[in-house]
Amino acid sequence: LESVRKPKNYPPGPKWLPFFGCNFTMKKFSKEYGSQWKALSELRKLYSTDVLGLKLGKELVVVFFGEENIRRMFLDKEFEGRPDTFFARLRCLGTRSGITFTDGQVWKTQRAFTVKNLRNVGFVKTLMEKEIQTETCNFIKCITEKDGHSIHLRNIIAKAVLNVLWKYVAGENIKEEGLEHMLDLFNSRSKAFVMAGGWLNLMPWCRYLFPDWTGYNIIKNLNKELSYLIEEIIQKHKSNLIEGKDFIYSYLDEIDASEDFTEEQLKVICMDLIIAGSQTTSNALLFAFLAALKHPDMQDKVYDEIDRVIGDRLPCWSDNYSLIYTSAFLLEVQRYFTIAPLVGPRRVLFDTYVDGYFIPKETTVMSSIGDLHMDPAIWDQPNEFNPERFIDDTGALKNSEHVYTFGLGRRRCPGDSLGKSFLFIAFVGVIQKFKVVCANGVLPSDEPIIGLLASPKPFQTEFILRKKA
Ligand code: HEM
């Protein structure tokens, strides 16, 4: 009986069943509405609340909606933790280490060191811009070689992003062999999982009976392949076989200097950066090309601006200050196709209240950025794709503070500068040279596939050279 009794003044939500909590309701709604995020949105409407209270298995889970509540999750100290679940440990090679799934002193120390040292090796400086420009040129070469034939962009973009990330972390380009397979694993992982960890968190033992259905095999395989690549590159660093400075060298130096730094931590941080940075960034760029395809008039406007302001030279990040329409277009891409519609999970560090509802210590909290980006209280006609909403009467950018692509506060995305510059430089670089049109005249759908992240349904594109040499 105790397991179905809600704490006093707990946020409204579906009834709880013994042992399962609301898992069956979530399953039913997710099936009906196509994703966990959409299911939560519907439940929010059903219970007319901006704070939705659930129990998934044994775990208390609360979902925040609305800008005020979501800002509280980002900014208030009590929401700074991360849950310690079976799912999280599985992702971190059986440990509680790294940045994404830790909290407290470990998280603070590892995050601060990582951010500082990535910066020291050129991350967020002009060097990073150079890497992105190089990958953009490779991408353009790849398109040119196709000579007008249609292209599946997904793997080309994903490879370019992984190359930049791997360069910072490991000092070299990622190995070609096995890359396609790794990208497939990333995709299956995103489709198979939901933020709260699904059945694996509820009944970890069911991985023995249903290793495929629970998604256990996907995570295990991805971990195996990624950690093999990472172990191999760490060994190469230890034998001084990699030239130049990079993150792994800085970390290995620190292992000698302080006991808070271990090789196991290093491995998980590398995984954190690759897993959190690759699909997010490549999906954002894919959505940008999808939007350009679907709105040829806007694409022409972007091209005219690029042609007028920077002409034929290679774009750089600071061009975003002068390419106002292009920046507004890319902001609208981030609003309309929210890459991470559900942000979190966070662990509540002490009892607290939100909107007058009681949220006990150890509750898991998530925030629905996807709904916030479609909130009619903030956005006029949110279901329309319209870059102009980000431009004021004087021609300057406005409203970008209501776009929460990278979160906010102390757990804000540490890769935001790479994500933003990659999206901007690669998109501008390609549109500067090619008109993006849909292959076979079939316009792809802009309804995303939603798993852990949102990604576009597979689509093919043709690139037509704008100016002949
Ligand atoms: C368009 C691309 C990206 C998007 C949309 C994105 C989104 C986010 C968001 C919303 C968070 C905050 C999670 C929270 O508040 O609980 C986050 C955290 C994180 N991101 Fe990104 N990200 C992107 C690119 C990257 C890149 C390129 C990297 C790596 C270089 C990266 C590494 C991380 C890490 C390690 C965290 C965890 C931070 C922590 O828990 O302290 N992300 N990301």
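Our subject is the structure listed above.
The structure reproduced in this document is the subject of the present report.

**Focus on a nonpolar patch on the surface**
Turning to step 1, where the next piece is worked out: A grouping of W205, Y208, L209, F210 and W213 is seen on the molecular surface, where their side chains present a nonpolar patch of about 660 Å² in accessible area.
Turning to step 2, where the next piece is worked out: If you trace the backbone, L209 turns up in helix α10 (residues 206-209).
Turning to step 3, where the next piece is worked out: The exposure class assigned to L209 is exposed, which follows from its relative accessible area of 55%.

**Side note on the pattern of salt bridges**
Turning to step 1, where the next piece is worked out: Per the stated rule, a full pass over the model turns up 22 salt bridges.
Turning to step 2, where the next piece is worked out: For R72, the salt bridge is made with E78, and the minimal N-O distance between the two is 3.0 Å.
Turning to step 3, where the next piece is worked out: For K141, the salt bridge identified is with E145, shortest N-O distance 4.0 Å. Placement of the pair is K141 and E145 together in helix α6 (residues 126-146), with a separation of four residues, close to one helical turn. Accessibility assignment for this pair places K141 and E145 in one class, exposed.
Turning to step 4, where the next piece is worked out: In this structure, a network of salt bridges that share partners links the residues R96, D103, R347 and E362.

**Considering the packing of aromatic side chains**
Turning to step 1, where the next piece is worked out: Applying the stated criterion to the full structure yields 23 aromatic pairs.
Turning to step 2, where the next piece is worked out: Seen from their ring centres, F29 and Y33 are 5.9 Å apart, and the 35° between their planes marks the pair as tilted. Of this pair, F29 and Y33 both sit in helix α1 (residues 23-33), separated by four residues, roughly a single helical turn.
Turning to step 3, where the next piece is worked out: The class for F29 is buried, based on a relative accessible area of 12%.
Turning to step 4, where the next piece is worked out: Relative accessible area serves as the criterion here: at 34%, Y33 is assigned to the partly exposed category.
Turning to step 5, where the next piece is worked out: With 5.9 Å between their ring centres and 80° between their planes, F434 and F463 make a pair best called edge-to-face.

**Thoughts on the sheet that holds strand β4 (residues 342-347)**
Turning to step 1, where the next piece is worked out: The strand order β1-β2-β7-β4 describes an open sheet built from four strands, whose pairing is mixed. Pairing within the sheet leaves two strands with one partner each, and these edge strands are β1 (51-56) and β4. The mean angle between the axes of side-by-side strands here comes to 25°, regardless of whether they run parallel or antiparallel.
Turning to step 2, where the next piece is worked out: Where helix α3 (residues 67-75) meets the sheet, it contacts β1, β2 (59-64), β4 and β7 (364-368), and its direction lies at approximately 130° from that of β7.

**Considerations on the packing of helix α12 (residues 247-257) against helix α13 (residues 263-294)**
Turning to step 1, where the next piece is worked out: One way to put it is that α12 packs onto α13 with a least axis distance of 10 Å and a crossing angle of 155°. The orientation of α12 relative to α13 falls into the category roughly antiparallel. By crossing handedness, the relation of α12 to α13 is classed as right-handed. Residues F247, I248, Y251, L252 and I255 of α12 pack against E263, Q265, L266, I269 and C270 of α13.

**Quick word on the site of the ligand**
Turning to step 1, where the next piece is worked out: Taken together, 24 residues form the shell around the ligand, and within it R82, W107, R111, R346 and C413 come nearest.
Turning to step 2, where the next piece is worked out: Here R82 contributes a side-chain N or O atom positioned 2.9 Å from an oxygen atom of the ligand.
Turning to step 3, where the next piece is worked out: The separation between an oxygen atom of the ligand and a polar side-chain atom of R411 is 2.9 Å.
Turning to step 4, where the next piece is worked out: Those elements giving two or more residues to the shell around the ligand turn out to be α5 (104-120), α13 and β4.
Turning to step 5, where the next piece is worked out: Counting residues per element, the shell around the ligand draws most heavily on α13, which supplies five residues.
Turning to step 6, where the next piece is worked out: For the shell around the ligand, the per-class residue count stands at 13 nonpolar, seven polar and four charged.

**Looking at helix α17 (residues 416-433)**
Turning to step 1, where the next piece is worked out: A rise of 1.5 Å per residue sets the reference length of α17, with its 18 residues, at 26 Å; its end C-alpha atoms lie 26 Å apart and thus fit the reference within 8%.
Turning to step 2, where the next piece is worked out: Of all 18 residues making up α17, 16 are buried, and the element is well covered by its neighbours.

Conventions and cut-offs
- Residues numbered from 1 in each chain as written.
- Predicted model: local features only at pLDDT ≥ 70, side-chain atom pairs only at ≥ 80, totals over all residues.
- Heavy atoms only, no water.
- Patch = residues over 30% accessible without salt bridge, like charges linked within 9 Å, V, L, I, M, F, W, Y side chains within 5 Å.
- Areas by Shrake-Rupley, 256 points an atom, 1.4 Å probe, with all protein chains shown as cover.
- Salt bridge = Lys/Arg side-chain N within 4 Å of Asp/Glu carboxyl O.
- Helix = DSSP H or I, 4+ residues; strand = E, 2+ residues; numbered from the N terminus.
- Buried < 20%, exposed > 50% of the residue type's maximum accessible area, 1.4 Å probe, protein only.
- Phe/Tyr/Trp six-rings, centres within 6.5 Å; stacked < 30°, edge-to-face > 60°.
- Pairing = 2+ DSSP bridges.
- Axes fitted to C-alpha atoms, helices over the stretch in contact; angles between N-to-C directions.
- Contact = heavy atoms within 4.5 Å.
- Parallel < 35°, antiparallel > 145°, perpendicular 65-115°, else oblique.
- Left-handed = near helix turned anticlockwise from the far one by under 90°.
- Near = heavy atom within 4 Å.
- Polar contact = N/O pair within 3.5 Å; in protein donor to acceptor, adjacent residues only side chain to side chain.
- Nonpolar A, V, L, I, M, F, W, Y, C, P; charged D, E, K, R; others polar.
- Expected span 1.5 Å × (residues − 1).

Everything listed is a geometric property; what it means functionally is a separate question.
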